[in-house]
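Summary of the model geometry
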Amino acid sequence: MSKLGQVVESVEKYNQFVLDQVKRARADQKFGRDLLGRWNDIKAKIPTTRAPTGLPLPRLALPEIDEPGEIARFLFGEGLPGEFPFLNGAYREMYLEPVREVESFEKNGESKAKKIDKRVPQAEEPTRLFSGLMLAEDTNERFHYLTRHQRTHRLSTAFDGPTLYGIDSDADGVFGKIGEGGVAIDTVEDMVRLYDGFDLGSANFSASMTISGPAPIIMAMYIAAAKRRFGPNVIPKLRGTIQADIFKEVQAQNETIFPIEPSLRFLTDMVEFTTGEMPRWYPISISGYHIGEAGSTPVQQAAYTLSNGFAYAEMFAARGIPVDQFGPRLSFFLDCGLDVEYIALARVSRRIWAIGMREVFGAGAKAQLYKLHIQTSGRSLIAAEFKNNLTRTAAELILAYMNATNSCHSNSADEPFTTPSEEWIRLAAHGQAILLEESGIFKHTMNMLSGSPGMKAVERAVEAAILDEFREIERLGGVLAAVEDRYQRSQIQNASHRYEQQINDGVRPIIGLNRYRDGSDDIPEVKLVRTPRKKQQLQVDRLAKFKKKNAEKSKRVLDKLAAVVESGKNCFPELLEAVEVCSLGQITGRLQEVVGRFRPMV
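Heads up: these notes are all about the structure in this document. In this text, all values refer to a predicted model and were calculated from it rather than measured experimentally. (Residues numbered from 1 in each chain as written. Predicted model: local features only at pLDDT ≥ 70, side-chain atom pairs only at ≥ 80, totals over all residues. Heavy atoms only, no water.)

1. A short note on the sheet that holds strand β8 (residues 284-287)
Ordered by their spatial adjacency, four strands build an open sheet running β8-β9-β10-β11, and the pairing between neighbours is parallel. Looking at the sheet topology across the chains shown, the edges are occupied by β8 and β11 (407-409). Averaged over all neighbouring strand pairs, the angle between strand axes comes to 25°, with direction disregarded. In this sheet, strand β10 (residues 372-376) lies alongside strand β9 (residues 330-336) in parallel orientation, the contact comprising five bridges. Across the sheet, residue Leu334 finds its bridge partner in β10, namely Ile374. (Pairing = 2+ DSSP bridges. Helix = DSSP H or I, 4+ residues; strand = E, 2+ residues; numbered from the N terminus. Axes fitted to C-alpha atoms, helices over the stretch in contact; angles between N-to-C directions.)

Put into structure tokens, the structure is as follows:
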């Protein structure tokens, strides 16, 4: 039985353990009394806060139960926020404003003047701000615009097509793609420009980079850029994540530049280095988002993401990296659409991950945490009557925060047409601020919307369906064997076809598209964001200057890099040296000479 099969078995065993604890709590009076005493103690220690209207609210909402069996079901089956199996959240408190007492109110409606302020340091916002357009300085300007009112700067970067495929901007046939759909990054000098003005070593700064195929090279560029600005002592302080998820690329996106096995080897080299030298960095974001965007069902998205995560854990452990070293540095990325499964998809994923990591991999508490970024669904955004996308995204945000996501990005309403403009990206960010700061849905009480009978029904159905997917992958020989058999890819394609057919047949209502249309097919006037030819030429000229300046050094370090790769040693230290004098395309090209190119699956 593979590790994935063991995960299925461990989840089933844990579910039986929970049922046994429920029966024990009802049959064993002492055990039942102890549970009830613990429960009452937990409730007694919950602080009370007040809404701005003066309404007293508990800092943590718990079900109103006093029967030992149901207490056992909650404590063992769900866990308090921040406690195994983490169904209700990875951490004890999330999104909550500082503890405080606000002014109380007289019966006549006039407030007393007296206020008691018990503020504690404010937590960072979970909002992650996403951008990538034109050249590095253009994206940098957008980043500064987006973070003007943020206490913490959590930036996520999109790269243009050539960069995603490890191709230089001066390569044949790519000129018109420079800076389109993301930022063009060819050299470490571009990386310096990209984050200029941000304190990369600050505890209040984190960078996320959405790139997988050439991720180790881009990661090395980020480290080199940070060293140029802040010196070598900044490396352990760097905070953020890079996507680097090869499995999801092969399953859903195809932005893979080396064959699968060398790709996984380069990824593991990077993970080995970063987990040892960069304790605040997440070297892989195991991504279901692109699986969902490619057309999967929500259950497929969660199942493939989790199974990919367990496959990576097995791979890193085989390299000899301790699970309690790499486990806390794994992160996950899901989308959030409007299907009913999203009511509980992330909650269930968090529970399965915790059980699997503890029982199968022997992971400690920190390595059991399913640390999650959610992005609202890009696939749900519709060009027809596109302003409705504001409502769609708002509903998806509520679902994401109901699932206790650790960070979140909200898509812009104009994305069906173009890279988001400042107006629409500002409205997207404001959507999160309204939900988290203006509304009281999440800022006063943990577990505010959790645990309804409907949510529990969805949890049970989703967990059973995910385990069924695990069993099928296990039957095929595990994740890598299933990938090579094109299982995940074919299932995603089938689900995508069904989704589109449901829209065409009207079975899946899309407001403004196949239901309640106003009869107009006029295309709205939306300003398209395009990279001017002058800027594209500037990128090519900069790259030529960089290559000319480093021509002699680049050949020497590329030869050294190739020799280390051929020797089988960890090549990431050589990548750190190479990016100082070589472009992305030069490094990619030389590595492809050694290990070959990826051949896309049809």
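Okay, back to it.
2. Describing the packing of helix α7 (residues 215-230) against helix α9 (residues 260-277)
Close contact between α7 and α9 brings their axes to 9 Å; oriented N to C, the two are set at 30°. With respect to α9, the element α7 is oriented roughly parallel. Here α7 contributes Ala215, Pro216, Met219 and Ile223 to the contact with α9, which in turn contributes Phe266, Leu267, Met270 and Phe273. Residues of the contact of α7 with α9, tallied by class, amount to eight nonpolar, no polar and no charged. (Parallel < 35°, antiparallel > 145°, perpendicular 65-115°, else oblique. Contact = heavy atoms within 4.5 Å. Nonpolar A, V, L, I, M, F, W, Y, C, P; charged D, E, K, R; others polar.)

3. Comments concerning the pairing of β9
Burial within β9 is extensive, with seven of its seven residues counted as buried. Every second residue of β9 is oriented toward a common face, with Leu330, Phe332, Leu334 and Cys336 on one face and Ser331, Phe333 and Asp335 on the other, all of them buried. Sheet topology note: the β8/β9 ladder contains four bridges and is parallel. Bridging from a neighbouring strand, Ser285 pairs with Ser331 of β9. Each parallel crossover has a hand, and the one from β9 via helix α13 (residues 345-359) to β10 is right-handed. (Buried < 20%, exposed > 50% of the residue type's maximum accessible area, 1.4 Å probe, protein only. Right-handed = clockwise from strand over helix to strand, strands pointing away.)

4. Regarding the pattern of salt bridges
Applying the stated criterion to the full structure yields 35 salt bridges. Of the charged contacts in the structure, one is a salt bridge between Asp168 and Lys547, with a shortest N-O distance of 3.0 Å. Of this pair, Asp168 sits in the loop between α5 (161-164) and α6 (188-194) while Lys547 sits in helix α19 (residues 533-549), placing them 379 residues apart in sequence. By relative accessible area, Asp168 is classed as buried at 6%. Glu593 is paired through a salt bridge with Arg590; the nearest N and O atoms lie 3.5 Å apart. Taken together, the residues span about one helical turn, with Glu593 and Arg590 both in helix α22 (residues 584-595) at a distance of three residues. Through salt bridges with shared partners, a single network forms among Arg26, Glu67, Glu70 and Arg73. (Salt bridge = Lys/Arg side-chain N within 4 Å of Asp/Glu carboxyl O.)

5. A look at unusual backbone geometry
A cis amide bond links Phe84 with the next residue in sequence, Pro85, at an omega value of 5°. As for its placement among the helices and strands, Pro85 is situated in the loop between α3 (68-77) and β3 (129-131). Located in the positive-phi region is Ala244, a residue other than glycine, with phi close to 55°. With respect to the helices and strands, the residue Ala244 is situated in the loop between β6 (240-242) and α8 (246-253). Positive phi outside glycine occurs at Glu385, with the angle close to 45°. Locating Glu385 in the fold gives a position in the loop between β10 and α14 (389-402).

6. With respect to the packing of aromatic side chains
Evaluation of the coordinates by the stated rule reveals 27 aromatic pairs. Pairing Phe310 with Phe470 gives two aromatic rings, centres 6.4 Å apart and planes at 85°, and the pair type is edge-to-face. In this pair, Phe310 sits in helix α11 (residues 298-319) while Phe470 sits in helix α16 (residues 453-475), placing the two residues 160 residues apart along the sequence. In this structure Phe310 comes out as buried when scored by relative accessible area, which is 2%. Relative to Phe442, the ring of Tyr401 lies with its centre 6.0 Å away and its plane at 50°, an arrangement referred to as tilted. Remark: Phe442 occurs in the loop between α15 (422-438) and α16 and Tyr401 occurs in helix α14; sequence separation between them is 41 residues. (Phe/Tyr/Trp six-rings, centres within 6.5 Å; stacked < 30°, edge-to-face > 60°.)

7. What about the packing of helix α4 (residues 136-146) against α15?
Where α4 meets α15, the closest approach of the two axes is 11 Å, and the angle between their N-to-C directions is 40°. As far as their axial angle goes, α15 and α4 are oblique. Helix-helix and strand crossings are classified by hand; for α4 and α15 the assignment is right-handed. Mapping the contact onto sequence places Arg142, Tyr145 and Leu146 in α4 and Glu422, Ile425 and Arg426 in α15. (Left-handed = near helix turned anticlockwise from the far one by under 90°.)

8. Looking at the pairing of strand β5 (residues 205-210)
Counting buried residues along β5, six of its six residues qualify, which places the element largely inside the surrounding structure. Residues Phe205, Ala207 and Met209 point to one face of β5 and Ser206, Ser208 and Thr210 to the other, with burial holding for every one of them. With six bridges joining them, strand β4 (residues 153-158) and β5 adopt parallel strand pairing. Bridging from a neighbouring strand, Ser156 pairs with Ser208 of β5. Relative to β6, β5 runs parallel, the two sharing three bridges.

9. Some details on the environment of Glu566
Summarising the element assignment, Glu566 is placed in helix α20 (residues 551-567). By relative accessible area, which is 62% here, Glu566 ends up exposed. With 484 residues separating them along the chain, Glu566 and Gly82 place their C-alpha atoms 45 Å apart.

10. Quick word on the sheet that holds strand β7 (residues 281-282)
Taken together, the five strands give an open sheet; going across it, the order is β3-β4-β5-β6-β7, and neighbouring strands pair in parallel fashion. At either end of the open sheet lies a strand with only one pairing partner, and these are β3 and β7. Bridging between β3 and β4 involves three bridges; their strand directions are parallel. Note that in β4 the partner of Phe130 across the bridge is Ser156.

11. Things to note about α20
For α20, with 17 residues, the first-to-last C-alpha span of 25 Å sits near the 24 Å given by 1.5 Å per residue. Within the span of α20, buried status applies to Ser554, Val557, Leu558, Leu561, Ala562, Val564 and Val565. In an axial view of α20, the angular spread of the buried residues amounts to 160°, which keeps them on one side of the axis. For α20, exposure combined with an orientation more than 90 degrees from the buried face picks out Glu552, Lys555, Arg556 and Glu566. Among the structural elements, α9, α21 (572-578) and α22 are those in contact with the buried residues of α20. Phi for Gly568, located one or two positions after α20, is positive at around 90°. (Expected span 1.5 Å × (residues − 1). Arc of directions from axis to C-beta.)

12. Overview of the nonpolar core
The biggest cluster of nonpolar side chains holds 155 residues, and the ones touching the most others in it are Tyr195, Tyr222 and Phe470. It is α7 that provides the largest number of residues to this core, a total of eleven residues. Apart from residues no more than four positions distant in its own chain, Tyr222 is found in contact with Met191, Tyr195, Leu200, Phe205, Ala207, Met209, Leu238 and Trp281. (Core = buried A, V, L, I, M, F, W, Y, C linked by side-chain atoms within 4.5 Å.)

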